Amino acid sequence: MSRAALFQMTSGISPEVNAAAIVNAAREAGAGGAAMLFTPEMSGLLDRKRERAAANIVTEADDRVLAAAREAAAREGIWIHVGSLAVRPDGEGGDARYANRAFVIDDSGEIRARYDKIHMFDVDLASGESWRESNAYAPGDRAVTVETPLGRLGLAICYDVRFPALFETLGRQKCDVIAVPAAFTVPTGRAHWHLMQRARAVEASAFVLSAAQVGHHEDGRETYGHSLAVDPWGEVLLDLGGDSAGLGFVDIDLARIAEVRAQLPSLANRRDIAK
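Along each chain, residues carry numbers from 1 onward, in the same order as the chain's sequence is written. Per-residue local features of the predicted model are confined to residues with pLDDT of at least 70, and side-chain atom pairs are confined, for both listing and counting, to 80 or more; whole-chain, interface and lining totals are unaffected and use all residues. Water and hydrogen atoms play no part in the side-chain values, which are based on all heavy atoms of the structure.

### Brief notes about the overall build of the protein chain
Keep this limit in mind: Labels follow the DSSP assignment, with helices taken as runs of H or I lasting at least four residues and strands as runs of E lasting at least two, numbered in each case from the N terminus. Computation of the radius of gyration draws on C-alpha atoms alone. For the globule rule, the value is 2.2 Å times the number of residues to the power 0.38. Relative accessibility under 20% of the residue-type maximum defines a buried residue, over 50% an exposed one, and the middle range a partly exposed one, all with a 1.4 Å probe and only protein chains included. Pairs of residues are marked as contacts when any of their non-hydrogen atoms sit within 4.5 Å. All accessible areas in this document rest on Shrake-Rupley with a 1.4 Å probe, and a residue is counted as covered only by the protein chains that are shown. Here Asp and Glu are counted as negative and Lys and Arg as positive; His is not counted, and neither are the chain ends. By convention, charge coordinates are those of NZ in Lys, CZ in Arg, CG in Asp, or CD in Glu.
A tally of helices and strands in the protein chain yields seven helices and 16 strands. Compactness check: the protein chain gives a C-alpha radius of gyration of 18 Å against a globular reference of 19 Å for 275 residues, within 12% of the reference. Across the 275 residues in the protein chain, those meeting the buried criterion constitute 54%. Across the protein chain, every contact between residues at least 6 apart in sequence was considered, and the portion connecting residues at least 24 apart equals 70%. For the protein chain, the computed accessible surface area is about 12000 Å², with 49% contributed by carbon and sulfur atoms. Here the protein chain contributes 30 positive and 38 negative side-chain charges, whose respective centroids are spaced 4 Å apart.

As structure tokens, then:
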């Protein structure tokens with residue numbers, strides 16, 4: 001049995017303020033017995049004003065939030081999954097767009113894995129909200145897994161949850177846990193958040209841990225919250241609600257995965273379908 005901590009945030013336009021919140025959460029998570037802390041998508045900066053945001057989006061080497069998370073992980077002796085940061089590409093040439101990148105940091109402060117969000121949130125909602133993530137961010141092109149104190153961890157980010165093929169890939173790689181950090185809109189969250197998190201857990205026969213942004217942000221947006229931990233049977237073990245930021249804990253029993261996969265071996269039973 002291993003303990004995870006989910007940090008529900010209301011990230012703002014100051015990387016320093018957001019970094020301090022993550023450092024404090026790492027301290028509380030370690031004190032609470034967690035082996036690993038999970039933070040939401042865009043933990044370091046939520047700012048839809050592009051000119052203002054651009055001044056705070058830097059390369060990995062210069063990112064203050066990433067540096068603070070690495071220092072906190074080593075100091076507290078805890079692994080940290082930074083749900084994602086906006087990262088400027090290194091070097092010259094190629095695609096100049098940013099990456100929406102997740103990081104897995106071990107308890108010595110070393111980066112063990114990186115994942116760039118594959119599916120870009122390009123939508124026009126009935127509420128009037130319009131988003132074009134691909135204008136600023138270049139999509140990733142590969143699934144990523146990494147061994148952690150919670151077992152094999154598969155990585156996804158927010159809008160990725162709507163694309164079952166990624167989760168089938170992670171399931172076939174025998175992931176024990178899949179992280180889905182998010183900054184979900186309120187309309188889509190109300191309609192689909194719980195449904196999709198539970199479905200992805202069942203499809204992959206794995207735990208799904210989804211740290212989320214919540215509430216009203218400095219840049220004017222509103223996010224749904226409801227950071228979730230879901231077990232391989234689809235049962236919700238933790239829901240942090242939609243009202244405020246905070247830290248929650250969940251115990252991960254890896255024996256539950258074997259139990260579910262023995263009862264419903266859907267991954268083993270999968271057949272290729274002729275086109």
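Next comes the rest of the account.
### Some words on the nonpolar core
What counts here: Among buried residues, those of type Ala, Val, Leu, Ile, Met, Phe, Trp, Tyr and Cys that are joined through side-chain atoms within 4.5 Å constitute a nonpolar core.
Core analysis: the largest hydrophobic core is formed by 46 residues, its most contacted members being Phe38, Leu153, Ile178 and Leu209. The biggest single contributor to this core is helix 5 (residues 186–204), with four residues. Contact partners of leucine 209, with chain neighbours within four places excluded, come to Ala4, Leu6, Phe38, Leu150, Val177, Ile178, Ala179, Val180, Leu228, Ala229, Val250 and Ile252. Grouped together as the second largest cluster of nonpolar side chains are 25 residues, Ala5, Ala69, Val82 and Ile105 included.

### Some remarks on the pattern of salt bridges
Condition: Definition used for salt bridges: Asp or Glu carboxyl oxygen within 4 Å of a side-chain nitrogen of Lys or Arg.
Tallied over the full model, the rule gives 16 salt bridges. Among the ionic pairs, arginine 114 bridges to glutamate 60, the shortest N-O distance being 2.9 Å. Here arginine 114 is found in strand 5 (residues 111–116), whereas its partner glutamate 60 is found in the loop between helix 2 (50–54) and helix 3 (64–76), with 54 residues between them in sequence. Across the pair arginine 75 and glutamate 76 runs a salt bridge whose closest N-O atoms are separated by 3.7 Å. You can call glutamate 76 partly exposed: its relative accessible area is 25%. Sharing partners across several salt bridges, the network here consists of Glu60, Arg101, Arg114 and Asp116.

### A short note on the confidence of the model for the protein chain
Keep this limit in mind: Each residue gets a pLDDT score, which is the predictor's confidence in that residue and runs from 0 to 100.
Across the protein chain, the average pLDDT comes to 92, with 94% of residues at or above 70. Predicted confidence in the protein chain is weakest over strand 6 (residues 122–124), with a mean pLDDT of 60, and strongest over strand 2 (residues 36–38), with 99.

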